[in-house]
Amino acid sequence: MQFDATVPTVADRVAQTVAKMVLEPMVEPIFHPDSYGYRLGRSALDAVGVARKRCWVFDWVIDLDIKAFFDSIPHDLIEKAVAHHTDLAWLRLYVGRWLRAPIERADGTFLERTKGTPQGGVASPLLANLFLHYGFDAWMQRTFPNNPFERFADDAIVHCRSEKQARFVLEAIRARFAECGLELHPTKTKIVYCKGAERRGRYENIKFDFLGYSFHPRRAKNRWGQFFVNFLPAISAKAAKKIRQTIRGWRMASTRNNQRLEDLANFTNPVVRGWLNYYGRFYRSKCIQVLRHFNEALGHWVRRKYKRFKRRERASMHWLGRIARRDPKLFVLWEYGVRPEAGG
């Protein structure tokens, strides 16, 4: 077992912040418009929205997974990229120092770091973006200008017109990353057919996950109210599972049964609002379906707090439903019309 002894001290974080403030204006103007991670004015939801539109135009997607990206970046290539943009000796010296800070093992000995960026560093996201700008973004723009992509840090997808083109582009990307000291995950990287229902039975992969959203054929309604199958993003199974685990982890029934509903609302509303704002942006009904688990947790809290509702699930949910009708803004979820119902 080992732990990272390079978690920055307060002084080091200040130094990294200063370095980032100096370096960022130098490199931000050259970054690709489809690089969304850790950049002012761009977000993960922007990337999901652009990917959604492009999946309607392009039939195929390459879902890229870089194996152990942050642990594999070659130091010399990062330093070369930094040196290309600044001749400030102190800045280049600090970058080299941060990259090579050793890892302390449990027995007190040190392991020299030969590649990778320290996790948790203020400057690490910027350095990773700079590395992937030259390693991937600018290369894609030169080599495959007609194949758009969306990238958020090391999470990226590439759009292609045909399966043949996707296979060709993927092998080129694999070779490019090998030149840069990186490796694509052999099983997690895949080619995906991203259209409706008509031909999807012929292909191995018909869905992919990107930034907490799962893209695959879903039922949709057109402007005339007619239903059809479209390729759309909605909250992923992994994100949904994490939300349910978080709600269970609050243990409202066992550790907060001495509190009032108002106290629970103050505690949970900021988190639930964040979930709704992020995972409810696209195909909100799927997010709402997951968050119904929150109402179930409230019902469990009622049955633990009030003896008259013990083992009376329908009655406890009916009681909560009356409160929700009287005070619909108490919980964020209730504001969206998702209120407790007797029987579930």
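Anything mentioned here points back to the structure above.
To start, this report covers the structure provided alongside it.

Procedures and definitions
Residues numbered from 1 in each chain as written. Predicted model: local features only at pLDDT ≥ 70, side-chain atom pairs only at ≥ 80, totals over all residues. Heavy atoms only, no water. Pairing = 2+ DSSP bridges. Helix = DSSP H or I, 4+ residues; strand = E, 2+ residues; numbered from the N terminus. Salt bridge = Lys/Arg side-chain N within 4 Å of Asp/Glu carboxyl O. Buried < 20%, exposed > 50% of the residue type's maximum accessible area, 1.4 Å probe, protein only. Arc of directions from axis to C-beta. Contact = heavy atoms within 4.5 Å. Expected span 1.5 Å × (residues − 1). Axes fitted to C-alpha atoms, helices over the stretch in contact; angles between N-to-C directions. Parallel < 35°, antiparallel > 145°, perpendicular 65-115°, else oblique. Left-handed = near helix turned anticlockwise from the far one by under 90°. Nonpolar A, V, L, I, M, F, W, Y, C, P; charged D, E, K, R; others polar. Phe/Tyr/Trp six-rings, centres within 6.5 Å; stacked < 30°, edge-to-face > 60°. Lys NZ or Arg CZ within 6 Å of the ring centre and 35° of its normal.

A word on the pairing of strand 9 (residues 213–221). One face of the sheet, then the other: side chains in a regular strand alternate in exactly this way. Two strands pair when backbone bridges link them, and strand 8 (residues 208–210) and strand 9 are joined in this way by 3 bridges, in the antiparallel orientation. Paired with Phe210 across the strands is Tyr213, a residue of strand 9. Remark: 2 residues form the turn of the hairpin made by strand 8 and strand 9, two consecutive strands paired antiparallel; Leu211 in that turn has positive phi of roughly 55°.

Right, let's get into unusual backbone geometry. For Tyr38, which is not glycine, the phi torsion reads 60° and is therefore positive. With respect to the helices and strands, Tyr38 occurs in the loop between helix 1 (10–27) and helix 2 (44–57). Phi angles above zero are rare outside glycine, and Arg311 is one such case at about 60°. Relative to the elements of secondary structure, Arg311 occurs in the loop between helix 11 (284–305) and helix 12 (313–326).

What follows covers the pattern of salt bridges. If the charged atoms of two oppositely charged side chains come close together, the side chains can form a pair. All chains considered together, the criterion is met by 12 salt bridges. With a closest N to O distance of 2.8 Å, Glu79 and Arg100 form a salt bridge. A residue pair is termed long-range when its members are at least 10 positions apart, and Glu79 in helix 4 (residues 75–85) and Arg100 in helix 5 (residues 89–100) qualify at 21 residues. Taking the relative accessible area as the measure of exposure, Arg100 reaches 36% and is therefore partly exposed.

Before going further, it helps to examine helix 4. Turning to helix 4, its buried residues are His75, Ile78, Ala81, Val82 and His85. Along the axis of helix 4, the buried residues cluster in a sector spanning 130°; they form a single face. In helix 4, those exposed residues whose orientation departs by more than 90 degrees from the buried face are Asp76, Lys80 and His84. Looking at the buried residues of helix 4, the elements they touch are helix 1, helix 5 and helix 6 (124–143).

A separate point is helix 8 (residues 237–250). Taking 1.5 Å per residue, 14 residues should reach 20 Å; helix 8 reaches 20 Å between its end C-alpha atoms and fits that length. All of the buried residues along helix 8 are Ala239, Ala240, Ile243, Ile247 and Trp250. For helix 8, the angular spread of the buried residues around the axis is 100°, confining them to a single face. Projecting away from the buried face of helix 8 at angles above 90 degrees are the exposed residues Ala237, Lys238, Lys242 and Gly249. The positive-phi residue at the C-terminal boundary of helix 8 is Arg251, with phi of around 45°.

Their axes nearest at 11 Å, the elements helix 10 (residues 261–279) and helix 11 cross at an angle of 165°. When the interaxial angle is binned, helix 10 and helix 11 end up roughly antiparallel. Between helix 10 and helix 11 the crossing geometry is right-handed. Where helix 10 abuts helix 11, its residues Leu261, Leu264, Thr268, Val272, Trp275, Leu276 and Tyr279 lie against Arg284, Cys287, Ile288, Leu291, Phe294, Leu298 and Trp301. Counted by class, the contact of helix 10 with helix 11 contains 12 nonpolar, 1 polar and 1 charged residues.

Viewed as axis vectors pointing N to C, helix 11 and helix 12 meet at an angle of 110°, and their least axial separation amounts to 9 Å. Classed by the angle they form, the pair helix 11 and helix 12 counts as roughly perpendicular. Counted together, Asn295, Leu298, Gly299, Val302 and Arg303 of helix 11 and Glu313, Ser316, Met317, Trp319 and Leu320 of helix 12 form the full contact between these two elements.

For any pair of aromatic rings, the description rests on two quantities: the centre-to-centre distance and the angle between the ring planes. Going through the model one piece at a time under the given rule, you end up with 27 aromatic pairs. Taking 5.6 Å as the distance between ring centres and 50° as the angle between the ring planes, the aromatic pair formed by Tyr38 and Phe152 counts as tilted. Note that Tyr38 is positioned in the loop between helix 1 and helix 2 and Phe152 in strand 5 (residues 149–152), a separation of 114 residues in sequence. Judged by centre distance (6.4 Å) and plane angle (85°), the rings of Tyr306 and Phe309 are edge-to-face. Taken together, the aromatic side chains of Trp250, Phe267, Trp275, Phe294, Phe331 and Trp334 make up a single cluster linked through ring pairs. The ring centre of Phe58 lies 4.1 Å from the NZ or CZ of Arg161, which sits over that ring.

All right, on to the sheet that holds strand 6 (residues 155–160) then. As summarised here, the arrangement of the 4 strands in space is 5-6-2-7, forming an open sheet in which the pairing is antiparallel. Across the chains shown, the open sheet's two edge strands, defined by having one partner strand only, are strand 5 and strand 7 (190–193). Put simply, the sheet's adjacent strands are angled 20° from each other on average, direction ignored. The pairing of strand 2 (residues 60–65) with strand 6 spans 6 bridges and is classified as antiparallel. Along strand 6, the bridge assignment pairs Asp63 with Ile157.

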